[in-house]
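# Observations on the model geometry
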Amino acid sequence: IMDTKKQKKISQKQPKKRTDELKQVPPSPPSVKEKNRVKASPLPSEKELRGMFEDFKRADELLKPFKTLFKSSQTEKQKVDVSTGKNKLTQEVIRRVKTKFSTSEEFAVKLLNVFGEKEALLTHEAIRFTPPGIFLRTNGLKASRKRLWSEMEAANVKAWLPEWSRININIVGDMQHIPPLVQQMISEGRCYLLHEREWHTLNMERCAIPTGEIFFKLVGRGSTRDAINSTSHRQPDAATKKVEMISLFCSAQGVISSVLGVVNAPKIGEDVLEMCATNCVKTVHIGAMMMNTGKLVARTLHCQDVTELQKTLKHLGVTNCVVTDMLTVDLAKTMAKSFDRVIIDAPCSGIGVVPPESGISMCKDSRDLEIICERQKRLIIAGAECLRHAHNRRSFLVYTTCSVLVEENEDVIQHLLDSRPEMEVIPTGVSLGVPGFSHFRGRRFSEDMCFTRRIYTHQNHMDGVFLAKLSFSHTDKEYFS
């Protein structure tokens, strides 16, 4: 007890230290990351704040019709059966969706089975809405996004950097009035434009032989705007019973193409095959991610795309790419087991993603859909044949379409898994969208089908796609040989 009292007296006698007598710790030197960060701009003046407010207010008014489309419908999906015809409301819903999407009754039912009534109508509104603004992607071979953004800030160009991407830049404005500085950057090849709601279009002849057999013949290609005037007519042919033009779609040219590069994720020094290459920015993005190392083979769907794609790659500084229009069968034979990564942006019907424009003849027949799906299955089998079997590193296959139909997405992936049991579906590494269907109207798919992603336009403010990434399973004996 005496010891504790002494300790209290001693502690009371000791004077308290003053705060001003405490030594100040010197600040630590800045790290390399802090030095490389973009310096924060000073606070804007009141006049600048008013100007920024007016700009964003104008952008907010342009986005106002789209705000209601961000939230997906939480109602249960309405499964439709046309054969019964007992529910008058169901028939009314089918008629409404059929009119909105300018499609047949059969495809209207397919859309309702995927979305439900409310989400189908929201999807129709979303795919017809073009987001305002100017969307750019940096060419990593010639410039960095930080440098371009600092130059835009110095020139008072209102731009911001989206958090989900390291190479994209968004600018307040419209495509008809691109700032002169941005035009100069595009002409120098330091960045390039992304066109929302535009796709690469393949014009196919639908031919029916008198015996009843139907086949497609490729007759041309272009963008969705070019296809409007070239697919609205029929060309008679004496050798066939019926000839009709149908448009197939691939290679979305908007912001979603950056997501495809993230899923593919090619590394420096790897060998990459793009099976359905077009004259768009996707091939350039892959070459920039590889830093002009390794080997990039771009196989086009039309011979006219070869020279055009070569000019684009030369202008943007991609030197490790070989462009070819080789057939799928020849490609699988001559380049079997030669690539570390294969990406297939398969031509598809575009149902539920591409807006139904006047003059574009889209797929409306189940027999046409069967032919399209058969070609997609041949493409993915050929892509799997081109994958390399190596014991020291894995090889990957990425399959994507711009359609919401299960027949073009989950069915094609399941066909590959049944044909190649050594392959498996793996996570894409993208959190956008919702998982793919593990079961759909009585059909059961692989349990790993939940790793696929369905990105819908009305939920993510970008073009809709289906994404799947596959690789050889760890239990495959040939993989470890």
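Residues numbered from 1 in each chain as written. Predicted model: local features only at pLDDT ≥ 70, side-chain atom pairs only at ≥ 80, totals over all residues. Heavy atoms only, no water.

### Thoughts on the overall build of the chain
The helix and strand inventory of the chain stands at 16 helices and 18 strands. Here the chain, with 481 residues, has 50% of them falling under the buried criterion. A separation of at least 24 residues holds for 74% of the contacts in the chain among residues at least 6 apart in sequence. If you sum the accessible surface of the chain, you get close to 25,600 Å²; carbon and sulfur atoms cover 53% of it. (Helix = DSSP H or I, 4+ residues; strand = E, 2+ residues; numbered from the N terminus. Buried < 20%, exposed > 50% of the residue type's maximum accessible area, 1.4 Å probe, protein only. Contact = heavy atoms within 4.5 Å. Areas by Shrake-Rupley, 256 points an atom, 1.4 Å probe, with all protein chains shown as cover.)

### Overview of unusual backbone geometry
The bulk of non-glycine residues show a negative phi, and the bulk of peptide bonds are trans. Positive phi, normally seen in glycine, also occurs at arginine 197, with a value near 60°. Tracing the backbone through its elements, the reader meets arginine 197 in the loop between β4 (191-194) and β5 (199-208). In this structure, arginine 441 takes a positive phi of about 50° despite not being glycine. With respect to the secondary-structure elements, arginine 441 resides in the loop between β15 (439-440) and β16 (443-444).

### Here we look at the packing of helix α7 (residues 145-154) against helix α8 (residues 180-187)
Contact geometry of α7 with α8 gives a least axis separation of 10 Å together with a crossing angle of 150°. One element, α7, and the other, α8, form an angle in the roughly antiparallel class. The way α7 lies across α8 gives a crossing that is right-handed. For the pair formed by α7 and α8, the contact residues are Leu148, Glu151 and Met152 on the first element and Leu181, Val182 and Met185 on the second. Among the residues making up the contact of α7 with α8, the classes are represented as 5 nonpolar, no polar and 1 charged. (Axes fitted to C-alpha atoms, helices over the stretch in contact; angles between N-to-C directions. Parallel < 35°, antiparallel > 145°, perpendicular 65-115°, else oblique. Left-handed = near helix turned anticlockwise from the far one by under 90°. Nonpolar A, V, L, I, M, F, W, Y, C, P; charged D, E, K, R; others polar.)

### A short note on the nonpolar core
Counting residues in hydrophobic clusters, the biggest one holds 101 residues, and the most contacted among them are Ile344 and Ile413. No other element matches helix α14 (residues 366-385), which puts 8 residues into this core. If near-sequence neighbours (up to four positions away) are discounted, isoleucine 344 is found in contact with Met275, Cys276, Leu379, Ile380, Gly383, Leu397, Val398, Tyr399 and Thr400. If you look at the next biggest cluster of nonpolar residues, it comprises 15 residues, including Ile134, Ile171, Val182 and Leu193. (Core = buried A, V, L, I, M, F, W, Y, C linked by side-chain atoms within 4.5 Å.)

### Thoughts on the confidence of the model for the chain
Per-residue confidence for the chain gives a mean pLDDT of 77, with 71% of residues at or over 70. For residues 222-240, every residue scores under 50 in pLDDT, and the model assigns this stretch 37 contacts once sequence neighbours within four places are set aside. Contacts from residues 475-481, a stretch scored under 50 in pLDDT, to residues over four places away or in other chains number 14 contacts. (pLDDT = per-residue confidence, 0-100.)

### Topic: the environment of glutamate 151
Turning to its location among the elements, glutamate 151 is positioned in helix α7. Distance from glutamate 151 to valine 182, taken between C-alpha atoms, is 9.7 Å for residues 31 residues apart in sequence. The residues touching glutamate 151, leaving out its near neighbours within four places in the chain, are Leu181, Met185 and Arg190. Within the local environment of glutamate 151, its side chain forms a polar contact with the side chain of arginine 190, the two groups lying 3.2 Å apart. (Polar contact = N/O pair within 3.5 Å; in protein donor to acceptor, adjacent residues only side chain to side chain.)

### Notes on the sheet that holds β4
Pairing is antiparallel in the open sheet, where 4 strands are placed in the order β2-β3-β1-β4. Of all strands in the sheet, those bounded by a partner on one side alone are β2 (159-160) and β4. The pairing of strand β1 (residues 134-138) with β4 spans 4 bridges and is classified as antiparallel. The residue bridging threonine 138 from the neighbouring strand is cysteine 191, located in β4. Taken strand by strand, α7 contacts β1, β2, β3 (168-171) and β4, and its axis lies near 20° from that of β3. (Pairing = 2+ DSSP bridges.)

### Brief notes about the pattern of salt bridges
Any two side chains of opposite charge can pair, on the condition that their charged atoms come close. Counted according to the given criterion, the structure contains 18 salt bridges. Across the salt bridge formed by glutamate 424 and arginine 394, the nearest N and O atoms sit 3.3 Å from each other. Here arginine 394 lies in the loop between α14 and β12 (396-401) and glutamate 424 lies in strand β13 (residues 423-426), a separation of 30 residues in the sequence. (Salt bridge = Lys/Arg side-chain N within 4 Å of Asp/Glu carboxyl O.)

### A look at the packing of aromatic side chains
Following the criterion strictly, the structure yields 2 aromatic pairs and no others. With centroids separated by 5.0 Å and ring planes inclined at 65°, the aromatic side chains of phenylalanine 115 and tyrosine 456 adopt a geometry described as edge-to-face. One end of the pair, phenylalanine 115, is in helix α5 (residues 105-115); the other, tyrosine 456, is in the loop between β17 (453-455) and α16 (457-460), and 341 residues separate them in sequence. Exposure remark for phenylalanine 115: the relative accessible area of 2% places this residue in the buried category. (Phe/Tyr/Trp six-rings, centres within 6.5 Å; stacked < 30°, edge-to-face > 60°.)

### Details of the pairing of β12
Across the 6 residues of β12, 6 count as buried, placing the element largely inside the fold. Residues of β12 alternate between two faces, with Phe396, Val398 and Thr400 on one and Leu397, Tyr399 and Thr401 on the opposite face, all of them buried. Note: strand β11 (residues 341-345) against β12, 5 bridges, orientation parallel. Bridge assignment links isoleucine 343 to a residue of β12, and that residue is valine 398. As judged from the 6 bridges shared by β12 and strand β18 (residues 465-472), these two strands associate in the antiparallel manner. In the strand pairing of β18, threonine 400 is matched with leucine 467.

### Comments concerning the UniProt feature "binding site: S-adenosyl-L-methionine" (unreviewed entry) in the chain
UniProt's feature table lists "binding site: S-adenosyl-L-methionine" (unreviewed entry) at Asp345, given in the numbering used throughout. Locating aspartate 345 in the fold gives a position in strand β11. Engagement of the side chain of aspartate 345 in a polar contact is seen with the backbone nitrogen of serine 251, the distance being 3.0 Å. (UniProt positions renumbered as here; feature names shortened; annotations may be inferred.)

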